[in-house]
Amino acid sequence: MLQYQPAVDVEPLREAYRFTAKVHEGQKRLSGEPYVTHPVAVAGILADLKLDLPSIIGGMLHDTVEDTLATLPQIEEQFGPEVAVLVDGVTKLSRVNFNSREEKQAENFRKMILAMAKDIRVVLIKLADRTHNMRTLQYLPDEKQRRIAQETLDIYAPIAHRLGIYWIKSELEDLALKYLRPEVYAELKHNVAQKKKNREKYTNDVISRMSKALAEEGIDGEVSGRPKHFFSIFRKMENQSLDFSQVYDLVGFRVLVDTQRECYEALGVVHSKWRPVPGRFKDYIALPKANMYQSLHTTVIGPNAQRIEIQIRTQDMHRVAEEGIASHWGYKKGQDLQVTDIQRFTWLRQLLEWQQHLSDPQEFLHSIKEDLFPDEVYVFTPGGDLHSFPKGATIIDFAYRIHSDIGQHCSGARVNGRLVPFKYILRNGDTVEIITTQEQTPSRDWLKVAKTPRAKSRIRAWMAAQQRERSVALGREILEGDLARHGLEYETLQDQGTIETLGRELGVRNEEGLLAGIGYGKVMSHQVLAKLLPPEEIQKDNEQIEGGLERLFRLVGSRDRGVRVKGIDDVLVRFARCCHPLPGEDIAGIITRGRGVTVHVAGCQTALEVDPARKVEVSWAEDVQMPRAVKIEVTCADKPGLLAAISSAISEAGVNIARAHIRTFDDRAVNTFEIMIGDFDQLGRVLQDISRVKGVYRASRVQG
């Protein structure tokens, strides 16, 4: 700290260390080290980010409330309210009971998002915490390593990207790859090391030529080359189905100059010396990214006809690129970072909006993962306002960004003055004017067209509302009929407030919730009658007439499908064909009147589209032995013997192949296998074994 803030009083930091060491005394990490090494390392990472004193104290104390007997009032009394707010923001909701791990994860993210909206330093402490945990992940069990690595790749690395802290993003991605695809990571490490000597020679040659060309034009530029991190190489190999030997641009080059004008002058020098690759130039200076990143990106055909990627920016732009939001830190001006500064991060405002509107934990988590996208396009309104969207976004996304009502009634648009349908994909620089008609309303097909979580959540909400209206009407019709058989009138009970009271007794909020529950089949009308009539009359009624849904459940409920439905016995259980859930996988249950409970993979698109009121908690029974058909897709080189090697890897894992379909394209093959899998862990092992086969680019599960 004293290196970048020599005047700061570090005594409170020393006091924070003493406090942390005392409350964590006797605790050990799985590595065997004293637990205090972790908060000290987190504080060190925050100091690398050059953060202020309260942030680093917060990092030192971040686990005290969660993992020791220390309390927030203690923290506030000893270190002040500012530090207490930071510690509270990163403390998980560990003392609250949740129905599922996913719900717990969602609520912890929700809490973190609310806290970081008030003070962005909360998420910086969380990123530092996750970075050190990933550095020491080798001491955890394999299954936990994979789960934490996947969460890091889905959420924390993209957040670091969104905040512009690229060194943390790159480190988290590489470490996640190490545990999710260990064989790929080891092979990359070996191959990169083998090429090191040639790569260094080539890098020095390019730096020398570029520096000389800039100097000849009177530009004082600092040229450097850096090896690309493993995850970016892996992603390129996977996306383009390449062998490592086919990846040439293992080094990225950077030119740092003093002024914005010199950036464009340097670009001209580079393009005059080497031929640029068409379509590979991006100007993030004129159109900065949402995280305030600015730079010129170009790809040229360099020496030996190899493609080289070059970034050109000023020293100030470089500081922002490396440190992100930390480079704008208010303490450097003697001020706090204000909420108005945070609002420049439009994605953070979107996260805040979703946490307010999305009550379903699975949809909330799904929206977070979808929105932390890296690639964006920039489009304009007719008035000249600029909006950024993920690559592949459509007119539907644009309409919902302007206003929900415009989205609901969008029937098309004019793009650059030309009429286009709502499935038109937005391109950089488009000017978009939305056309609406009152007759137009959302349909299920819109979900296939929409790209942004905002548009998808609004479409799902509209569809859920329509489902609910129909279910309320059906529920009332069913209940009125059953009440009439016993000489009771619905309107009379409604006027007396009895219907609402019965609803609360049956665990729903109000009369509408009760009727919707009956309409869905989540609440049975005989449960309502049981509250109004003597038991003998109910028994007599049951003997005379049995509701269609109850009869169906009773007929087939005895067939054990290995799934338990909370709160409902003797229920027909079906597995969704859209996602084919496997034992051990997180699952969600959807009630459908007359068809029982359909079990989906948690986060399945179809499950996200339904009214949350139709969802029931489901879980796998213990020791489920039920092999199920699962489709996997394997992309590989089109070489003799490779199909046999893949088939051998599957059979050696003790898995049968039910069907196989092979397609070839140029020098690669796409193989679709239907295999019989016992549980989710077995699927993970099979995919890992296939990925180890030399010549395989990608092996993944296919939904649907």
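Residues numbered from 1 in each chain as written. Predicted model: local features only at pLDDT ≥ 70, side-chain atom pairs only at ≥ 80, totals over all residues. Heavy atoms only, no water.

Asker: Would you mind showing me how to read the overall build of the chain here?
Answerer: Along the backbone of the chain there are 31 helices and 21 strands. Residue pairs at least 24 apart in sequence account for 66% of intrachain contacts in the chain once pairs closer than 6 positions are excluded. Looking at the chain as shown, the accessible area adds up to about 34,000 Å², and 49% of this sits on carbon and sulfur atoms. (Helix = DSSP H or I, 4+ residues; strand = E, 2+ residues; numbered from the N terminus. Contact = heavy atoms within 4.5 Å. Areas by Shrake-Rupley, 256 points an atom, 1.4 Å probe, with all protein chains shown as cover.)

Asker: How should the packing of helix 2 (residues 37-48) against helix 3 (residues 53-60) be read in this particular structure?
Answerer: Two numbers describe a pair of packed helices, the interaxial angle and the distance between the axes. At a minimum axis distance of 7 Å, the contact between helix 2 and helix 3 shows a crossing angle of 155°. Relative to helix 3, the element helix 2 lies roughly antiparallel. The two elements helix 2 and helix 3 meet at a crossing, and its hand is right-handed. Of the residues in helix 3, those touching helix 2 at Pro 39, Val 40, Val 42, Ala 43, Leu 46 and Ala 47 are Ser 55, Ile 56, Gly 59 and Met 60. When grouped by side-chain class, the residues that make up the contact of helix 2 with helix 3 number eight nonpolar, two polar and no charged. (Axes fitted to C-alpha atoms, helices over the stretch in contact; angles between N-to-C directions. Parallel < 35°, antiparallel > 145°, perpendicular 65-115°, else oblique. Left-handed = near helix turned anticlockwise from the far one by under 90°. Nonpolar A, V, L, I, M, F, W, Y, C, P; charged D, E, K, R; others polar.)

Asker: Which parts of the structure should I look at to understand the sheet that holds strand 9 (residues 410-415)?
Answerer: In sheet architecture, strand pairing relies on hydrogen bonds along the backbone and comes in two forms, parallel and antiparallel. The strand order 10-9-11 describes an open sheet built from three strands, whose pairing is antiparallel. Two strands in the sheet have a free side with no partner beyond their single neighbour: strand 10 (418-420) and strand 11 (432-436). Neighbouring strand axes in the sheet, compared pairwise and without regard to direction, differ in orientation by 30° on average. (Pairing = 2+ DSSP bridges.)

Asker: How should the pairing of strand 5 (residues 296-301) be read in this particular structure?
Answerer: Two faces make up the sheet, and in a regular strand the side chains alternate between them. Along strand 5, five of the six residues are buried, which leaves the element largely enclosed by surrounding structure. Summarising the sheet, strand 3 (residues 275-276) and strand 5 pair through two bridges and their orientation is antiparallel. Following the sheet pairing, Pro 276 is matched in strand 5 by Val 300. In terms of strand pairing, strand 4 (residues 282-283) meets strand 5 through two bridges, oriented antiparallel. Residue Lys 282 lies in a different strand from strand 5, and its bridge partner there is His 297. Hairpin connection from strand 5 to strand 6 (residues 307-314): five residues lie between these consecutive antiparallel strands, with Asn 304 at a positive phi of about 60°. (Buried < 20%, exposed > 50% of the residue type's maximum accessible area, 1.4 Å probe, protein only.)

Asker: I tried to follow the sheet that holds strand 19 (residues 656-665) on my own but got confused; where do I start?
Answerer: Taken in spatial order, the four strands line up as 19-20-18-21 in an open sheet, and their pairing is antiparallel. One side of each edge strand has no neighbouring strand; the edge strands of this open sheet are strand 19 and strand 21 (696-702). Strand-to-strand twist in this sheet, taken as the mean axis angle between neighbours without regard to direction, amounts to 20°. Sheet topology note: the strand 19/strand 20 (residues 668-677) ladder contains nine bridges and is antiparallel. Paired with Phe 665 across the two strands is Arg 668, which belongs to strand 20. On top of the sheet, helix 30 (residues 642-652) reaches strand 18 (628-637), strand 19, strand 20 and strand 21; it is set at about 20° to strand 20, its chief contact.

Asker: How should the environment of Pro 12 be read in this particular structure?
Answerer: Note on placement: Pro 12 falls in helix 1 (residues 11-23). Sequence-wise, Pro 12 and Leu 53 are 41 residues apart; in three dimensions their C-alpha atoms are separated by 8.5 Å. If we ignore the near neighbours within four places in the chain, the residues touching Pro 12 are Leu 53, Ile 57 and Phe 79.

Asker: Sorry, what's going on with unusual backbone geometry here?
Answerer: In most cases, non-glycine residues show a negative phi, while peptide bonds are predominantly trans. Phi angles above zero are rare outside glycine, and Lys 50 is one such case at about 60°. Residue position: Lys 50 is located in the loop between helix 2 and helix 3. Among the residues examined, Lys 50 registers a relative accessible area of 32% and is labelled partly exposed. The phi dihedral of Asn 416 is positive, around 55°, even though this residue is not glycine. Take Asn 416: it is sitting in the loop between strand 9 and strand 10.

Asker: Could you clarify how one ought to interpret helix 12 (residues 196-216) in this entry?
Answerer: Think of an α-helix as turning once every 3.6 residues; residues three or four places apart then point the same way. The end-to-end C-alpha separation of helix 12 is 30 Å, in line with the 30 Å expected for 21 residues at 1.5 Å each. Among the residues of helix 12, those classed as buried are Arg 199, Tyr 202, Thr 203, Val 206, Ile 207, Met 210, Ala 213 and Leu 214. One face of helix 12 carries all of its buried residues, which in axial projection span an arc of 135°. Those residues of helix 12 that are exposed and aimed more than 90 degrees away from the buried face are Lys 197, Lys 201, Asn 204, Lys 212, Ala 215 and Glu 216. Buried residues along helix 12 sit against helix 11 (182-194), strand 1 (222-227), strand 2 (251-257), helix 14 (260-273) and strand 6. Looking one or two places after helix 12, you find Gly 218, whose phi comes out positive at around 75°. (Expected span 1.5 Å × (residues − 1). Arc of directions from axis to C-beta.)

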